[in-house]
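Fold and geometry: a report
The primary structure of each chain is shown beneath.
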Amino acid sequence: MALRTVASPRAAPGEPLDTYWNASPEQLLAALHSAAPGLTSAEAEARLQRYGPNSLEARERHTALALLFNQFRSPLILILVFAATVSAFVGEWIDAGIVIAIVVGSAVLGFWQEFSAGNAVARLRSQVTLKANVLRDGRSQSVPAEAIVPGDVVLLSAGSLIPADAVVLEARDFFVNQAVLTGETFPVEKTAARAPADASLAQRTNAVFMGTNVGSGTAQVLVVKTGADTAFGQIAERLTLRPPETEFESGIRRFGYLLTQVMTALVLVVFAVNVFSSKPPVDSLLFAIALAVGLAPELLPAIISVNLAKGAQHMAKHGVIVRTLNAIENLGSMDVLCTDKTGTLTAGVVQLDGAFGADGQASPDVLRAAFLNASFQSGLQNPLDDAIVGKGAEQNLTALPERKVDEIPYDFVRKRLSVVVAGPEGRQRLITKGALDGVLSACTEVQVGPSAQPLTDAVHEQIQQHYAEWSRQGFRVLGVATRDLPPQARYARSDEKDLVFSGFLLFLDPPKPGATEAIADLARLGVQLKIITGDNRLVASHVAELVALPVHGLLTGAQINELRDEALWHAAERTTLFAEVDPNQKERIILALRKMGHVVGYLGDGINDAPALHAADVGISVDSAVDVAKEAADFVLLESGLDVLREGIEEGRVTFANTLKYVFTTTSANFGNMFSMAGASLFLPFLPLLAKQILLNNFLSDIPGMTIAGDSVDRELVEKPRRWDIRFIRNFMILFGLVSSVFDYLTFGVLILVIHATPEVFRTAWFIESLLTELVIALVVRTRRPFYRSRPGRWLLLSTIAVTLVTFALPYLPLSGYLGFVPLPPSLLAMVVAITAGYVLASEFAKKQFYKRFS
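Predicted model only: the values in this text are computed from it and were never measured.

1. Quick word on the overall build of the protein chain
Scanning the protein chain from N- to C-terminus turns up 30 helices and 23 strands. Looking at the protein chain residue by residue over its 855 residues, the buried ones come to 55%. Surface summary for the protein chain: the accessible area is close to 36300 Å², and the carbon and sulfur share equals 58%.

The following block contains the structure:
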């Protein structure tokens, strides 16, 4: 990453900011001219202007000038410019000028396409911004993370990404995942206690750092460092590793290596043979290098960039924002999609259906206790608590006299959250709410009427029967328990014991309209859907039944724990439903599916989904997700739902198909033409084409190539996942290269043996024929159907027609003499057209046989 320079506050050695983790909160607030209630909005804006945005700029964001220079980085282009310069020194000014003009024209064409594509993608990415809760003007406000400034007081809770380096002012069971900086496997507890001045990064237990995230608990922190001055910013160059290479990128790289080897051998052999044949050395060098340029798919990076950018723009219109551009092809190749049911298969609008006592009867006391717990908890906002608060408001519970005393935050081990409240008489009560098993494990008694009775095995069995019955009906069931406590300074997890089980909360999340159709659409696209949820197996099975998802196997978290990795590889393939799983098990399932050769997508929005999102080939989240989930995702859905994702999958496959079209075009007529010219130069007494003519041919044929990104794609090319197959490409190149060369040598034979063409006539006729074959082959290989049964995109068709007209007009233009062309008689033009038509028919026949054998 390239770092933006941010002028965070500086301190002389010995001052509080120099070792801020060793300073008291009062010292830091004074040094930063801040206060516990935070900054004012006006002061924050002034500091933002003074210190700059709190960001690390990605290196990919090139300036226009750098992008233009990148067009000339190819060694072939540099060698060509050098050879043209040599040509100018020996007096061939016109030839040198034409070569340089064509090279510059090609560079400008590639620059404009990549620059436009880059700007479009940057605009799309800006739609998904990470935000932080800060105290401004004495109240909590949500602001973009880039607007955080030194002196801000930030409010953190489970799932928050930490936006800057800060010191803890207050904390409650506050644990932070900071492995990205320190390599620590487990979350680290952070408190407000000062750390020693010589403490290492891992030992600064009162400091939090940019780029890490909150695992559980809550805290208020004071921002000390932002941007490049943070610990993350100072080592970002070393932390930023290249993302894993996708299958498509690997194929492109191997394809490039293959062509590079061929080009190197071609340049050396053709140059050596032509020089030994007493042909002009400078012309021979230019000819050999121009052949290599003609072979090189120099527009492939630009084509891929434009394809991906256009794909990202189209996906954005359907509500899918692309965060990782190279993941678009993976989305198209995806054949397994794993997701939680909430918000994907279900509406995601959770309703509290009722509050019931331990005997299964409606209980206002349970609703009251749940309302106090949900309304006072300050951790991660969630739809279950929102539903409880909403139901409480309907029952006029908002004016209850209790006040909050303390809180024990939720975590994924206990699977419960507790709040301590005090009534008007001063009695303090602990109210615990969470997963039924997690709550029951802390209970020793059960509320029966006005009194508490021991939680016997028989009562426990009765509670489990209620739970199973409601779960089979599709309800999500939580437990509620209470305990009276004596006043004390601080409450901890150890106080969650000897609780009295109060009752149940039943939540209903109905199936999303259209979910059944979306699942069927994914199946038609060759994408298998698997549910991975923390909910119990009964609820998950009920939801699968409601949305008509065929369940071929079910594994619970407990069963997964008993499986070795090798056994899970095979079991995961045969399983549709994974229930009662924790975050680490989600990651194991994803890795197991990938190990079996699947391209796996994962759709998640919670803090517990981050490991699975990182492990998947395609990480997908939603705009309402927690920050840590959005940061881990390759795609962000502005609306949660499989129908939106289906459109994104189809767009990924369109992008993949259009990229391969350029590869197919390059490896057919273009490849064959260059080899034919190389071979002809070995036995002809003159060069079959001059270097400037080869480059002009290459330049003109690239113009339609730049429009391939917007080409229409046949329906059959998006109906199944497609993956890069280097063997398939190699076979295609050999077959269609041979077909092209047959017609090239047919042209050579007619021009030399029948017409007895002069060098100028030969070059003019061959230029027209070779360029025509490159133009028409793009229309042939862009589809698996007969070319006349697949309509090309508007701009591809128009640009092909325009370049064809220019091709026929070139020999008759005033500048044709400088290019080495001469006018051709109509009979010779007719012969060239006839050979091209024969080439189209032969290519169609070869295409039919090829796909019959290799598809």
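2. Let's talk about a nonpolar patch on the surface
A cluster of nonpolar residues, Leu753, Val754 and Ile755, forms a patch on the protein surface that exposes about 300 Å² of accessible area. Residue position: Ile755 is located in the loop between helix H26 (726-754) and helix H27 (759-781). Take Ile755: its relative accessible area is 36%, and that puts it in the partly exposed class.

3. A few points about the sheet that holds strand S21 (residues 600-603)
Neighbouring strands of a sheet are bound in pairs by backbone hydrogen bonds; such pairs are parallel or else antiparallel. Strand order across the open sheet formed by 8 strands is S8-S23-S22-S21-S9-S18-S20-S19, with mixed pairing between neighbours. Every other strand in the sheet has two partners, leaving strand S8 (320-322) and strand S19 (554-556) as the edge strands with one partner each. Across the sheet, the mean angle separating the axes of adjacent strands is 20° when strand polarity is ignored. As defined by bridge partners, S21 adjoins strand S22 (residues 618-622) across 3 bridges and the pair is classed as parallel. Residue pairing in the sheet places Tyr602 in a bridge with Gly619 of S22. Contacts from helix H18 (residues 537-546) reach strand S18 (528-532), S19 and strand S20 (577-579), with the element oriented near 150° to S20.

4. Some words on helix H2 (residues 41-51)
Residues of H2 that are buried: Ala44, Arg47, Leu48 and Tyr51. Relative to the axis of H2, the buried residues are bounded by an arc of 105° and lie together on one face. In H2, the exposed positions angled more than 90 degrees off the buried face are occupied by Ala42 and Gln49. Structurally, H2 contributes buried residues whose contacts are with strand S1 (131-136). Two residues or fewer after H2 comes Gly52, characterised by a positive phi angle close to 90°.

5. Concerning the pattern of salt bridges
Using the criterion set out here, one finds 28 salt bridges in the structure. With a shortest N-O distance of 3.0 Å, Arg588 and Asp565 are connected by a salt bridge. Placement of the pair is Arg588 in helix H21 (residues 583-595) and Asp565 in helix H20 (residues 565-573), with a sequence separation of 23 residues. Residue Glu647 is joined to Arg646 by a salt bridge in which the shortest nitrogen-to-oxygen separation is 4.0 Å.

6. Some remarks on the pairing of strand S17 (residues 499-508)
Burial runs high along S17: 9 of the 10 residues are buried. Two strands pair when backbone bridges link them, and strand S10 (residues 351-357) and S17 are joined in this way by 6 bridges, in the antiparallel orientation. Across the sheet, residue Gly354 finds its bridge partner in S17, namely Leu506. For strand S14 (residues 443-448) and S17, the ladder comprises 3 bridges, and the chain directions are parallel. Bridge pairing in S17 links Glu445 to Val500. Relative to S17, strand S16 (residues 476-485) runs antiparallel, the two being bridged by 7 bridges. Counted as the bridge partner of Val477 is Leu506 from S17.

7. Describing the nonpolar core
In this structure, Leu331, Leu337, Ile590, Ile620 and Phe635 are the most contacted members of the largest nonpolar core, which totals 63 residues. Excluding its chain neighbours within four sequence positions, the residues that come into contact with Ile590 are Cys338, Ile532, Val600, Tyr602, Ala612, Ala615 and Ala616. Among the nonpolar cores identified, the runner-up in size contains 56 residues, and Leu660, Ala678, Phe767 and Val781 belong to it.

8. Observations regarding the environment of Ser494
The topology assignment puts Ser494 in the loop between S16 and S17. Separated by 86 residues in the primary sequence, Ser494 and Ile408 have C-alpha atoms spaced 9.9 Å apart.

9. Comments concerning the packing of aromatic side chains
Summed over all chains, the structure comprises 20 aromatic pairs. Summarising the aromatic geometry, the rings of Phe736 and Phe850 are spaced 6.2 Å apart at their centres and angled 75° between planes, so their arrangement reads as edge-to-face. One end of the pair, Phe736, is in helix H26; the other, Phe850, is in helix H30 (residues 826-854), and 114 residues separate them in sequence. A residue is classified by how much of its surface remains accessible, and Phe850, at 2% relative accessible area, is buried. Both rings, one in Phe748 and one in Trp766, keep their centres 4.8 Å apart while their planes meet at 65°; by these two values the pair is edge-to-face. Here the residue Phe748 occupies a position in helix H26, and Trp766 occupies one in helix H27, the gap between them amounting to 18 residues. Taken together, Phe664, Phe728, Phe732, Phe736, Phe850, Tyr851 and Phe854 form an aromatic cluster joined through their ring pairs.

10. Here we look at the packing of helix H25 (residues 691-705) against helix H28 (residues 794-809)
Between H25 and H28, whose axes approach to 8 Å, the crossing angle comes to 160°. Classed by the angle they form, the pair H25 and H28 counts as roughly antiparallel. For the pair H25 and H28, contact is made by Leu700, Ile703 and Pro704 and by Leu796, Ser799, Thr800 and Val803, respectively. Of the residues belonging to the contact of H25 with H28, the class tally is 5 nonpolar, 2 polar and no charged.

11. Focus: unusual backbone geometry
We note that Asn396 has phi near 60°; this positive angle belongs to a residue other than glycine. Judged by relative accessible area, which is 65%, Asn396 ranks as exposed. The backbone of Lys415 sits at a positive phi, close to 60°, despite the residue not being glycine. Residue classification places Lys415 among the partly exposed residues on the basis of a relative accessible area of 32%.

12. Structural notes on the confidence of the model for the protein chain
Here the protein chain averages 82 in pLDDT, while 83% of its residues score no lower than 70. Across residues 1-7, confidence stays below pLDDT 50; counting only partners more than four residues off in sequence or on other chains, it has 29 contacts. The low-confidence segment residues 237-242, where pLDDT is below 50, has 8 contacts with residues more than four positions distant or belonging to other chains.

13. Re the side chain of Ser843
With respect to the element layout, Ser843 can be found in helix H30. With relative accessibility at 0%, the residue Ser843 sits in the buried group. If sequence neighbours within four positions are ignored, Ser843 has contacts with Phe736, Val739, Ile777 and Val780.

14. Some words on the environment of Val840
With respect to the helices and strands, the residue Val840 is situated in helix H30. When the C-alpha atoms of Val840 and Phe787 are compared, they prove to be 9.4 Å apart, with 53 residues separating the residues in sequence. Discounting chain neighbours no more than four positions away, the residues touching Val840 are Val776, Val780 and Phe787.

15. What about the side chain of Asp634?
Of note, Asp634 is situated in the loop between helix H23 (627-632) and strand S23 (635-637). Among residues more than four places away in sequence, those in contact with Asp634 are Ile321, Val322, Arg323, Thr324, Ala327, Asp617, Val618 and Gly619.

16. Describing the packing of H26 against H27
Two elements in contact, H26 and H27, have axes separated by 11 Å at closest approach and are oriented at 150°. Our classification of the angle between H26 and H27 gives roughly antiparallel. When the axes of H26 and H27 are compared, the crossing they make is right-handed. For the pair H26 and H27, the contacting residues are Phe732, Phe736, Phe743, Asp744, Thr747, Phe748, Leu751 and Ile752 in the first and Phe762, Ala765, Trp766, Glu769 and Val781 in the second. Residues belonging to the contact of H26 with H27 are distributed by class as follows: 10 nonpolar, 1 polar and 2 charged.

17. Considering helix H14 (residues 383-394)
For H14, which comprises 12 residues, the first-to-last C-alpha distance of 16 Å matches the rise-based estimate of 16 Å (1.5 Å per residue) to within 8%. Where H14 is concerned, the buried positions are Leu384, Asp385, Ala387, Ile388 and Gly392. Projected onto a plane normal to the axis of H14, the buried residues spread over an arc of 160° and lie on a single side. Packing partners of the buried residues in H14 comprise S10, helix H13 (364-376), strand S13 (428-435), S16 and S17. Phi turns positive one or two residues past the end of H14, at Asn396, with a value near 60°.

What counts and how
Residues numbered from 1 in each chain as written. Predicted model: local features only at pLDDT ≥ 70, side-chain atom pairs only at ≥ 80, totals over all residues. Heavy atoms only, no water. Helix = DSSP H or I, 4+ residues; strand = E, 2+ residues; numbered from the N terminus. Buried < 20%, exposed > 50% of the residue type's maximum accessible area, 1.4 Å probe, protein only. Areas by Shrake-Rupley, 256 points an atom, 1.4 Å probe, with all protein chains shown as cover. Patch = residues over 30% accessible without salt bridge, like charges linked within 9 Å, V, L, I, M, F, W, Y side chains within 5 Å. Salt bridge = Lys/Arg side-chain N within 4 Å of Asp/Glu carboxyl O. Pairing = 2+ DSSP bridges. Axes fitted to C-alpha atoms, helices over the stretch in contact; angles between N-to-C directions. Contact = heavy atoms within 4.5 Å. Arc of directions from axis to C-beta. Core = buried A, V, L, I, M, F, W, Y, C linked by side-chain atoms within 4.5 Å. Phe/Tyr/Trp six-rings, centres within 6.5 Å; stacked < 30°, edge-to-face > 60°. Parallel < 35°, antiparallel > 145°, perpendicular 65-115°, else oblique. Nonpolar A, V, L, I, M, F, W, Y, C, P; charged D, E, K, R; others polar. pLDDT = per-residue confidence, 0-100. Left-handed = near helix turned anticlockwise from the far one by under 90°. Expected span 1.5 Å × (residues − 1).

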